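As a plain string of letters, each chain reads:
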Amino acid sequence: MDFANISALAYLVSGVLFILALRGLSSPETSRKGNLYGMVGMAIAIGVTLLSLLGKGDLDPVTIVIILCGIAVGGIIGMTIAQKVSMTSMPQLVAAFHSLVGMAACMVAIGALYAPQAFGIDDGAGGIKAQSLIELSLGVAIGAITFTGSVIAFAKLNGNMSGAPIILPARHLINIALGVAVVVLIVTLIITHGLATWAFWGIFILALVLGITLIIPIGGADMPVVVSMLNSYSGWAAAALGFTLENIALIITGALVGSSGAILSYIMCKGMNRNFFSVIMGGFGGDTAAAGGGAVETRPVKQGSADDAAFIMKNASKVIIVPGYGMAVAQAQHALREMADKLKEEGVEVKYAIHPVAGRMPGHMNVLLAEANVPYDEVFELEDINSEFATADVAFVIGANDVTNPAAKTDPSSAIFGMPILEVEKARTILFIKRGMSAGYAGVENELFFKDNTMMLFGDAKKMVEGIVKGL
Amino acid sequence: MEAVDPTIFRLAIFVLAIFVGYYVVWSVTPALHTPLMAVTNAISSVIIVGALIAAAAHADGAGIGVWVSKGAGGIASALAAVNIFGGFMVTRRMLAMYKKKEKPAGEKK
């Protein structure tokens, strides 16, 4: 058996290890081992590639220096970021990492175009095989969209850019025109057997622009969908290049990541009862929606202090905590866990209820609670806990709003009608920690605020929870 | 029998891997969706194999093109390395935080 076959088998092994890495995430106990499988898979893929390059005599000193410098610089930056980043900014980090995968895919496509012999894709007449050109073009186009799209998503999540949708006039027309131009350039590239490198650069540049125009109209609150979608794109870009490189590990990984991102986008859309296409068309969900044209809300609400809340919860037998993005912004998760500990000492049963779209990316709340040492078996998903609100004495809503709004079930004219909600209205008492009376990002009033058994706790989430801890 | 183009086999692997991905990802617990995104990020950086090949393009080839390829390969290696090290490390950091409820000492299961 020659080395090409052995290395193909080794790539297959690393592809299988990547599958096991994802499989491990089915439960927290197996996940750590899964992550290890992923690392081993990656080491095998890199090791085999280097060995086969060595076998072909391609590893001259200059090449070794380029590769070592690249990996060393990248590795140090990567490890530093991974150790320093806070859990609250995980969505930004993931968006930034997506952009790097996108750009790496573009760079590999450029390399293949300029050195087809090294990739074994030359047609023997000075040009490049048509099939490889299609794969390369797709790889660079998707990679470039992923890159700029993720940069925009990063800027919106990180607050470098307003979360409000930016609506260009005739934006759909612009996007369609860019798309058509990309297709025309891909055809040009194939007809000229890859000799028209200007066409390749044209694809690259137009796709970079397309990434921007596709993502800027999407509002900050829809970013969970966007981040998942870009995750999926980065996978498809990798898969396209996997075909060019005839590399099984890359093809398998691309398919895994592509379907993973697609499923997460679907889950996020379902959590908001939004159609995927209406989300990516954009124009909805800025961080603060414009006030509706209706009458200004003047109805009285029952307002309480931290001590009142402490008293109510101390005398409860079951409290369900509903965290939202507001908790993340206020960094209140540690204080919250302290409060839960105190309550448990008093013999109160405490559970956490997480809505699928709470936070700015899938699973964001779970990570924040885990960071604050909340045991994961106290944290429940919507379907598992909704039936329990009826038996709860207190629903403690911290930094969430729309995901509890009963209008989603009762008011067909509401913007959020049909969205699955956490049924906090069934609890005996509802405590809402909010900064003010503003509506949620969907711009919808929450009827719950005016109910007799609701007590509003106005103030910064962290300070309020610390106040409650003192009161216990 | 005529030989089947190897690309068809790769396509078959690709399609089957999409199905594997579909079922595996649906079995991921929603609590671990953030680590899932971080780790998919890390593994998609296996694109580094392409970067290494580009960086190793032969210098005796077609002149300037080879150096474009080597440069692009070097940059791609660095970008992918950020993701590989950063992605796996941050996933590990997150997963280490997921703990079970501690059973009070002396209490029987």
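Residues numbered from 1 in each chain as written. Chains lettered and ligands numbered in written order. Predicted model: local features only at pLDDT ≥ 70, side-chain atom pairs only at ≥ 80, totals over all residues. Heavy atoms only, no water.

This part covers the packing of aromatic side chains. Within the structure shown, the criterion is met by 11 aromatic pairs over all chains. For the pair Tyr114(A) and Trp201(A), a centre-to-centre distance of 6.4 Å together with 50° between the ring planes defines the contact as tilted. With Tyr114(A) in helix α4 (residues 90-114) and Trp201(A) in helix α8 (residues 197-215), this residue pair connects regions lying 87 residues apart in the sequence. Summarising the aromatic geometry, the rings of Phe243(A) and Phe14(B) are spaced 5.5 Å apart at their centres and angled 80° between planes, so their arrangement reads as edge-to-face. A residue pair is termed interchain when its members come from two chains, as with Phe243(A) in helix α9 (residues 223-245) and Phe14(B) in helix α1 (residues 6-26). There is no split in this pair, since Phe243(A) and Phe14(B) are both buried. (Phe/Tyr/Trp six-rings, centres within 6.5 Å; stacked < 30°, edge-to-face > 60°. Helix = DSSP H or I, 4+ residues; strand = E, 2+ residues; numbered from the N terminus. Buried < 20%, exposed > 50% of the residue type's maximum accessible area, 1.4 Å probe, protein only.)

This next bit is on the packing of helix α3 (residues 61-84) of chain A against helix α4 (residues 64-95) of chain B. Where α3(A) contacts α4(B), the two axes come as close as 7 Å, and the packing angle between them is 30°. In terms of axis orientation, α3(A) runs roughly parallel to α4(B). For the crossing formed where α3(A) meets α4(B), the hand is right-handed. Class assignment of the residues belonging to the contact of α3(A) with α4(B) gives a composition of 13 nonpolar, nine polar and three charged. (Axes fitted to C-alpha atoms, helices over the stretch in contact; angles between N-to-C directions. Parallel < 35°, antiparallel > 145°, perpendicular 65-115°, else oblique. Left-handed = near helix turned anticlockwise from the far one by under 90°. Nonpolar A, V, L, I, M, F, W, Y, C, P; charged D, E, K, R; others polar.)

All names here are of chain A. Of all hydrophobic cores here, the largest spans 191 residues; its most connected members are Ile-321, Leu-336, Met-339, Phe-396, Ile-398 and Ile-468. If one sorts the elements of this core by residue count, α4 sits on top with 16 residues. Beyond its immediate sequence surroundings of up to four residues, Ile-468 is in contact with Ala-306, Ala-309, Ala-310, Met-313, Met-339, Phe-396 and Leu-457. (Core = buried A, V, L, I, M, F, W, Y, C linked by side-chain atoms within 4.5 Å. Contact = heavy atoms within 4.5 Å.)

Below, the discussion takes up empty space enclosed by the protein. Going through the model one piece at a time under the given rule, you end up with two cavities of 30 Å³ or more. Its volume calculated, the largest cavity comes out at about 60 Å³. Lining the largest cavity are Asn366(A), Leu369(A), Ala370(A), Val374(A), Tyr376(A), Val379(A), Ala31(B) and Tyr98(B). Take the lining of the largest cavity: its biggest share by element is three residues, from helix α15 (residues 364-371) of chain A. Per-class residue counts for the lining of the largest cavity are seven nonpolar, one polar and no charged. (1 Å grid on protein atoms, 1.4 Å probe; cavity = no way out; pocket = protein on both sides within 12 Å on 5 of 7 lines; lining within 4 Å. Points joined across faces, edges and corners; volume = space filled by probe spheres on them.)

So, about α8(A). Residue and element names in this part refer to chain A. With 19 residues, α8 extends 28 Å between its outermost C-alpha atoms, agreeing within 8% with the 27 Å of an ideal straight helix rising 1.5 Å per residue. Residues of α8 that are buried: Ala-199, Phe-200, Gly-202, Ile-203, Phe-204, Ala-207, Leu-208, Leu-210, Gly-211, Thr-213 and Ile-215. On its buried side, α8 packs onto α4, α6 (130-158), α7 (171-191) and α9. (Expected span 1.5 Å × (residues − 1).)

A few words now on the UniProt feature "transmembrane region" (unreviewed entry) in chain A. Residue and element names in this part refer to chain A. UniProt feature "transmembrane region" (unreviewed entry): in the numbering of this structure it lies at residues 6-24, 36-55, 61-81, 93-114, 134-153, 173-192, 198-218 and 249-269. Secondary structure across residues 36-55 divides into 100% helix and 0% strand, with the first and last C-alpha atoms of the span separated by 28 Å. For residues 173-192, the helix share is 95%, the strand share is 0%, and the end-to-end C-alpha distance is 29 Å. (UniProt positions renumbered as here; feature names shortened; annotations may be inferred.)

Before going further, it helps to spend a moment on the UniProt feature "transmembrane region" (unreviewed entry) in chain B. Residues and elements named next belong to chain B. In this structure's numbering, the residues bearing the UniProt feature "transmembrane region" (unreviewed entry) are residues 6-26, 38-59 and 71-91. Split by type, residues 6-26 is 100% helix and 0% strand. Its first and last C-alpha atoms lie 31 Å apart. For residues 71-91, helix accounts for 100% and strand for 0%, while the C-alpha atoms at its two ends are 30 Å apart.

Before going further, it helps to spend a moment on the pattern of salt bridges. Residue and element names in this part refer to chain A. Scanning all chains against the criterion turns up 12 salt bridges over all chains. A salt bridge links Arg-337 to Asp-341, with the shortest nitrogen-to-oxygen separation between them at 2.7 Å. On the criterion of helical spacing, the pair formed by Arg-337 and Asp-341 is a turn pair, its members being four residues apart in helix α14 (residues 333-345). The partly exposed category is assigned to Arg-337, whose relative accessible area is 23%. Here Lys-351 and Glu-388 are joined by a salt bridge, their closest N and O atoms 2.8 Å apart. Highlighted residues: Lys-351 in strand β2 (residues 349-354) and Glu-388 in the loop between α16 (382-385) and β4 (394-398), separated in sequence by 37 residues. When sorted by exposure, Lys-351 lands in the same class as Glu-388, which is buried. Salt bridges sharing partners connect three or more residues here, namely Lys-318, Glu-349, Lys-351 and Glu-388. (Salt bridge = Lys/Arg side-chain N within 4 Å of Asp/Glu carboxyl O.)

Another aspect to go through is the pairing of strand β1 (residues 318-323) of chain A. Residues and elements named next belong to chain A. For β1, the buried fraction is high: six of the six residues fall into the buried class. Side chains Lys-318, Ile-320 and Val-322 project from β1 onto one buried face, and the interleaved Val-319, Ile-321 and Pro-323 project onto a second face that is buried too. Summarising the sheet, β1 and β2 pair through four bridges and their orientation is parallel. Note that in β2 the partner of Ile-320 across the bridge is Lys-351. Relative to β4, β1 is paired through five bridges, and the arrangement is parallel. Note that in β4 the partner of Ile-320 across the bridge is Ala-395. (Pairing = 2+ DSSP bridges.)

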